[in-house]
Amino acid sequence: MIYSEKVMDHFNNPRNVGVIADADGVGEVGNITCGDIMKISISVDADDHITDAKFQTLGCGAAIATSSIVTELVKGKSIQQAATLTKQQVADELGGLPSAKMHCSILATDGLKLAVDDYLTKNGRTPLSGEIKSADPNFDPHADD
Amino acid sequence: MTYLDYAATTPVDARVLEAMLPYFSTHFGNANSLYAAGRDAYHALEAARETIATAIGAAHPAEIIFTSGGTEADNAAFISVLRRIAPDGGHLVTSAYEHPAVLELVKWLGKQGYDITLVQPRADGRIHPEDLAKTLREDTKIVSIMHSNNEIGTINDLKQLAECVHSCGALFHTDAVQSLGKVAFDVQDLGVDLASFSAHKIYGPKGIGALYLRRGIGFDALIKGGGQESKRRSGTQNVAAAVGFAEAVQLSLAERDSEALRLADLRDHLIARVTSSLENTQATVSEGARIPGIAPLLIKGVEGESMLLQLDNQGFAVSTGSACSSGSLAASHVLLSIGVPQEIAHGSLRVSLGRQTTAADVDAFADALVPIVEKLRAMSPVYERYFGRASAQHAPKNTGGQKDAGV
């Protein structure tokens, strides 16, 4: 299993790390027991175009690289375009992903869909995707203590 | 590069290479040919066999079968012996934290009709005789428990385990790949019937290992052909590799005790540096008999592969038990088997030290790791929530230390 140069570039120099303080939409997906959690926040303008996107990710090289490139890909795009971004498009943009790592690009696109839905819901509109499951905010890693 | 993955493989020692070289050129003969060149190769091969037999305390050199490595030795130990002693089925026992060379083999044998039982290690990283005893049956044929674990370095008390196994009449096999040349290992003292070894973990060449097969145990060769290795492993022997293996064993034994002390000091220093410099870090196991050069670490709130890649960028080579490095979604079966929770097992590192490792390497590694972990934790959406100072009051008391995983 070897990562492409572009994956390594995004892993080593991740773009748009952080949280947008007054984000219009936030999505957090993943599961700490699987080792991958991604949180993406977006700013959306009056024309439903994404003006900014930032991410935080706990995960492997592919999880960080897919998160990073998604924030780049969606800037300037409409929320409809963002919500229909596919895992294959994300993988292709990175010059391919090892097959065992394709689930990481689902994480990135799911996080994005959830952030778009969060924006729509906050504004009293109907979510576009709806079915994406959010990371469990009540997970307690100390539950076994 | 600072290589800190000696439990994965080691560089060939210059003295080993020098011992091997003549057998590629001037002494290239086939060890099975009758003329002088063949006899030279034969004598070198048999001398190598004798060296290895003596090193592991075997009663006779003929009890050593050269194989392509540890994995083949494990496969032969089960398949070749079962064909003779239990071709129609029976019960097999191994531990849940074996190397895949044994674990996947035994699972496969389960599909071929054998009953299999996996005994769980306890949280101390070891197989306890009372747990093993509960798994044994009248029809148990072979029990295989590794001498030392490749991920966490814990050493099992094989003498006790072998007694337990023999009391039910089964054969006892051990994968001793991580132990040979590093800690005391004597087949007669421990009472094992079969044992697997590999050269490349002790500065010998890849592609050669050995199976210790106690005299009198039935064996139907895995590889058929010209009948080499006393009809137990056909194929022209790799004399150069056997010579290298024997040289590697001899060098390791000569330096074993002093090297073990040196590496244990370096390991303890490394663990102390990392755990004192970074919050929410600990040694996976820290008590009892362990392989001196293996430092198993749990770095909470970070994913192992991302640490590994960042360390690689800075020239450090280490391993992780993270799922994401293996392509599966489950974290290391070894860590899970000793009760480390999934979310913490994802942040494991195995740093393994060897002959070329210096105190300066260990310090440089710790210096490099600290900012990498801090950076990755800062990038995590959940570190503060789950492991940060606010939650530190109820930080996990135990992540593999006391919890009894039982059988």
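Residues numbered from 1 in each chain as written. Chains lettered and ligands numbered in written order. Predicted model: local features only at pLDDT ≥ 70, side-chain atom pairs only at ≥ 80, totals over all residues.

**Re the overall build of chain B**
Right, so step 1: The helix and strand tally for chain B stands at 15 helices and 12 strands.
Right, so step 2: Radius of gyration (C-alpha) of chain B: 22 Å, near the 22 Å computed for a compact globule of 407 residues.
Right, so step 3: Considering only C-alpha atoms, chain B reaches an extent of 75 × 50 × 35 Å along its principal axes.
Right, so step 4: Contacts in chain B between residues far apart in sequence, at least 24 positions, make up 73% of those at least 6 positions apart. (Helix = DSSP H or I, 4+ residues; strand = E, 2+ residues; numbered from the N terminus. Rg over C-alpha atoms; globule rule 2.2 N^0.38 Å. Contact = placed C-beta atoms within 7 Å.)

**Details of the domain arrangement of chain B**
Where interface size is given, it is often the accessible area lost as the parts come together that is meant.
All names here are of chain B.
Right, so step 1: Taken as a whole, chain B is organised into domain 1 (12–252) and domain 2 (256–389).
Right, so step 2: Here the C-alpha centre of domain 2 lies 30 Å away from the C-alpha centre of domain 1.
Right, so step 3: In terms of residue class, the side of domain 1 that touches domain 2 is made up of eight nonpolar, 10 polar and four charged. (Domains from an automatic or database assignment. Nonpolar A, V, L, I, M, F, W, Y, C, P; charged D, E, K, R; others polar.)

**Here we look at the packing of helix α2 (residues 36–55) of chain B against helix α9 (residues 239–277) of chain B**
Residues and elements named next belong to chain B.
Right, so step 1: At a closest axis distance of 9 Å, the pairing of α2 and α9 adopts a crossing angle of 35°. Considering the relative orientation of α2 and α9, their crossing is left-handed. Facing Ala-41, Ala-44, Leu-45, Ala-48, Thr-51, Ile-52 and Ala-55 of α2, the residues of α9 in contact are Val-239, Ala-242, Val-243, Phe-245, Ala-246, Val-249, Gln-250 and Leu-253.
Right, so step 2: Its residues placed into classes, the contact of α2 with α9 shows 13 nonpolar, two polar and no charged. (Axes fitted to C-alpha atoms, helices over the stretch in contact; angles between N-to-C directions. Left-handed = near helix turned anticlockwise from the far one by under 90°.)

**Looking at unusual backbone geometry**
Right, so step 1: Despite not being glycine, Asp48(A) has its phi angle at roughly 65°, a positive value.
Right, so step 2: With respect to the helices and strands, the residue Asp48(A) is situated in the loop between β2 (36–44) and β3 (50–58).
Right, so step 3: Residue Asp48(A) is classed as partly exposed on the basis of its 17 C-beta neighbours within 10 Å.
Right, so step 4: The phi dihedral of Lys231(B) is positive, around 65°, even though this residue is not glycine.
Right, so step 5: Among the structural elements, Lys231(B) can be located in helix α8 (residues 228–231). (Buried ≥ 20, exposed ≤ 12 C-beta atoms within 10 Å, placed from the backbone.)

**So, the sheet that holds strand β10 (residues 294–299) of chain B**
Strand pairing in a sheet takes place through backbone hydrogen bonds and is either antiparallel or parallel in direction.
All names here are of chain B.
Right, so step 1: Taken in spatial order, the three strands of this open sheet run β9-β10-β12, and their pairing is antiparallel. The open sheet has two free edges, formed respectively by β9 (281–283) and β12 (348–352), since each of these has just one partner strand. The sheet shows a mean angle of 25° between the axes of neighbouring strands, direction not considered.
Right, so step 2: For β9 and β10, the ladder comprises three bridges, and the chain directions are antiparallel. When the bridges of β10 are listed, Thr-281 appears paired with Ile-299. (Pairing = 2+ DSSP bridges.)

**So, α9(B)**
Right, so step 1: End to end, α9(B) covers just 49 Å across 39 residues, shorter than the expected 57 Å (1.5 Å per residue, more than 12% under).
Right, so step 2: When the local axis directions of α9(B) are compared, the greatest deviation, roughly 65°, occurs at Arg256(B). (Expected span 1.5 Å × (residues − 1). Bend = angle between axes of the 7 residues up to and from the residue.)

**Looking at the pairing of strand β6 (residues 171–175) of chain B**
Residues and elements named next belong to chain B.
Right, so step 1: Burial runs high along β6: five of the five residues are buried.
Right, so step 2: Here strand β5 (residues 140–144) pairs with β6 via three bridges, running parallel. Bridge pairing in β6 links Ser-144 to His-173.
Right, so step 3: Between β5 and its parallel partner β6, the chain crosses via helix α6 (residues 158–166), and the hand of that crossover is right-handed.
Right, so step 4: Where β6 meets strand β7 (residues 194–198), three bridges bridge the pair, whose relative direction is parallel. Within the sheet, the bridge partner assigned to His-173 lies in β7 and is Leu-194. (Right-handed = clockwise from strand over helix to strand, strands pointing away.)

**Section: the sheet that holds strand β4 (residues 115–119) of chain B**
All names here are of chain B.
Right, so step 1: A sheet is described by the order of its strands in space; here seven strands give the open sequence β2-β8-β7-β6-β5-β3-β4, paired in mixed fashion. Looking along the sheet, the strands with just one partner apiece sit at the ends: β2 (64–67) and β4. Adjacent strand axes in the sheet meet at a mean angle of 20°, parallel and antiparallel pairs treated alike.
Right, so step 2: Each of β3 (91–95), β4, β5 and β6 touches helix α4 (residues 100–111); the most contacted strand, β3, lies at about 155° to it.

**What about the pairing of β2(B)?**
Residue and element names in this part refer to chain B.
Right, so step 1: Of the two faces of β2, the one holding Ile-64 and Phe-66 and the one holding Ile-65 and Thr-67 are both buried throughout.
Right, so step 2: Inspection of the sheet shows β2 paired to strand β8 (residues 209–213) by four bridges, in the antiparallel sense. Looking at the pairing, Phe-66 lines up with Ala-210 of β8.

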